[in-house]
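Overview (structure and organization)
Spelled out, the chains give:
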Amino acid sequence: VERGIEVSVIPGASAVLSALAVSGLPTDRFAFDGFLPRKSGERRKAFENLLTETRTVIFFESPHRILESLQDAAAVLGNERRASVSRELTKKFEQTVRGSLAELVDWAQGEIKGEIVLVISGAKPATATIEDLVPIVLSQREAGLSLKQAVAEVAAAHNVSKSDLYQRTLEAKAQVSETPSKHPKLR
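Here goes a summary of the coordinates provided.

A few words on the packing of aromatic side chains. For the structure shown, the criterion picks out three aromatic pairs. Taking 5.9 Å as the distance between ring centres and 85° as the angle between the ring planes, the aromatic pair formed by Phe-47 and Phe-59 counts as edge-to-face. Placement of the pair is Phe-47 in helix H2 (residues 40-48) and Phe-59 in strand E2 (residues 56-61), with a sequence separation of 12 residues. Of the two residues, Phe-47 and Phe-59, both sit in the buried class. Through successive ring pairs, a cluster of aromatic residues spans Phe-32, Phe-35 and Phe-60.

Written as structure tokens, this is what we have:
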């Protein structure tokens with residue numbers, strides 16, 4: 001895949017393993033979670049449960065919902081998370097598209113047909129602590145994002161808990177308001 005060579009799979013009993021094999025994503029540890037929920041709120045909750053999952057995760061999806069599912073995945077997991085969409089595996093019109101979730105959202109804007117398998121790479125292990133991320137949240141807040149938006153974006157980008165980051169940011173803001181002369185920008 002990295003060298004631009006077309007990868008295909010000999011027909012077999014498992015679309016899950018076929019999609020994983022052609023995805024170009026890590027195959028050493030993976031999970032299959034069946035079909036994604038139909039409703040956006042439930043899908044987003046499913047993706048939130050995967051924020052820190054380091055295994056590659058595989059789903060079946062309807063061609064009528066793949067765009068919305070990719071949009072929800074990008075909103076929760078981050079636009080840059082790597083993924084692939086395979087359709088019509090082992091059939092005449094087999095296709096696998098690989099890229100970031102944002103790139104796959106763009107690809108899915110057209111009419112999509114066929115049986116779909118979505119493969120999403122696992123989260124990278126967190127390297128920053130919550131305390132390291134609070135200043136980033138506060139700077140995004142100063143740039144005009146709501147606190148909720150800033151926390152969601154930073155948490156997704158760094159694979160940390162949104163609720164923990166939100167709570168720590170509130171605590172940092174409370175400490176600043178107790179000593180306003182030291183940090184006037186953080187109010």
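Let's shift gears to the nonpolar core. In this structure, Phe-47, Phe-59, Leu-70, Leu-77 and Ile-120 are the most contacted members of the largest nonpolar core, which totals 25 residues. When residues of this core are traced back to their parent elements, those giving at least two are E2, helix H3 (66-77), strand E3 (82-87), helix H4 (101-107) and strand E5 (116-120). Tallying contributions element by element places H3 first for this core, with seven residues. Contacts of Leu-77, omitting those with residues within four sequence positions, involve Phe-47, Leu-50, Leu-51, Leu-101, Ile-120 and Ala-156. Counting 14 residues, the second-largest nonpolar core is a separate cluster that includes Val-134, Ala-150, Val-151 and Leu-165.

Their axes nearest at 9 Å, the elements helix H5 (residues 130-142) and helix H6 (residues 147-158) cross at an angle of 135°. Taken together, the axis directions place H5 and H6 in an arrangement best described as oblique. In terms of crossing hand, the pair formed by H5 and H6 is right-handed. Residue-level contacts link Leu-133, Ile-136, Val-137, Gln-140 and Arg-141 of H5 to Leu-147, Ala-150, Val-151, Glu-153, Val-154 and His-158 of H6. A class-by-class count of the residues in the contact of H5 with H6 yields seven nonpolar, two polar and two charged.

Conventions and cut-offs
Residues numbered from 1 in each chain as written. Predicted model: local features only at pLDDT ≥ 70, side-chain atom pairs only at ≥ 80, totals over all residues. Heavy atoms only, no water. Phe/Tyr/Trp six-rings, centres within 6.5 Å; stacked < 30°, edge-to-face > 60°. Helix = DSSP H or I, 4+ residues; strand = E, 2+ residues; numbered from the N terminus. Buried < 20%, exposed > 50% of the residue type's maximum accessible area, 1.4 Å probe, protein only. Core = buried A, V, L, I, M, F, W, Y, C linked by side-chain atoms within 4.5 Å. Contact = heavy atoms within 4.5 Å. Axes fitted to C-alpha atoms, helices over the stretch in contact; angles between N-to-C directions. Parallel < 35°, antiparallel > 145°, perpendicular 65-115°, else oblique. Left-handed = near helix turned anticlockwise from the far one by under 90°. Nonpolar A, V, L, I, M, F, W, Y, C, P; charged D, E, K, R; others polar.

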